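Here is how the chains run, residue by residue.
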Amino acid sequence: MPAGTPPAPEAAPAGTAADDDADGLAVRDAVSAPGADGRPQRTTRRFPLFTRDTARPEGGGRAAGGDAPAPARQWPMLTVLGLVALGLLLTALDLFRVGTLLVGVALLGGAVLRWVLPRVGMLAVRSRFTDIATYGVLGLVIVLLALMAQPKPWLELPFLKDTLHFTVSS
């Protein structure tokens, strides 16, 4: 065999589901393709059961040193979750507007923490920009909806009433 020639692929045992393609390579399943060495390799976009090579999000390290107790290492996430839990409790106790405002403010606070702090622990889920945009937009929308909730909204936007009237009457 000349130098640089890939070794011949192994033939599939008789009676298996492997088929030989035009080049004589055994393809083991529908998502296999021959690799550089000529052997079938699994090519799929699906993640394996245990992903080992996913990079931690930027800023996803511990928010406090490793010698600190576990809650202290994740204080940014626990702060946001605590405020959201308190907001949901207030909402359940019939303080709808105050509770939903607190949930929105907690998400806006999460966006600020993600922007200001270099390490926020598990509050970092994606890239810094994506986390800030996601927390900020969701928080802002929740705050605005809480302010416009009926009856007696704290914030009235006249163009929304006109838009709704135009949409329904057309």
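Because the structure is predicted, anything quoted here is derived from the model rather than measured. (Residues numbered from 1 in each chain as written. Predicted model: local features only at pLDDT ≥ 70, side-chain atom pairs only at ≥ 80, totals over all residues. Heavy atoms only, no water.)

**A closer look at the layout of surface pockets**
Roughly 210 Å³ of volume is contained in the largest pocket. What lines the largest pocket is Met148, Gln150, Pro153, Leu155, Glu156, Leu157, Pro158, Leu160 and Lys161. Looking at the lining of the largest pocket residue by residue, the class counts come to six nonpolar, one polar and two charged. (1 Å grid on protein atoms, 1.4 Å probe; cavity = no way out; pocket = protein on both sides within 12 Å on 5 of 7 lines; lining within 4 Å. Points joined across faces, edges and corners; volume = space filled by probe spheres on them. Nonpolar A, V, L, I, M, F, W, Y, C, P; charged D, E, K, R; others polar.)

**Here we look at helix H4 (residues 128-147)**
In this model H4 runs 28 Å from its N-terminal to its C-terminal C-alpha over 20 residues, within 8% of the 28 Å that 1.5 Å per residue would give. When H4 is considered as a whole, its buried residues turn out to be Arg128, Asp131, Tyr135, Gly136, Gly139, Val143 and Ala146. Projection of H4 onto a plane perpendicular to its axis shows the buried side chains occupying an angular sector of 110 degrees, all on one side. In H4, the exposed positions angled more than 90 degrees off the buried face are occupied by Phe129, Val137 and Leu145. Contacts made by the buried residues of H4 are with helix H3 (96-116). (Helix = DSSP H or I, 4+ residues; strand = E, 2+ residues; numbered from the N terminus. Expected span 1.5 Å × (residues − 1). Buried < 20%, exposed > 50% of the residue type's maximum accessible area, 1.4 Å probe, protein only. Arc of directions from axis to C-beta. Contact = heavy atoms within 4.5 Å.)

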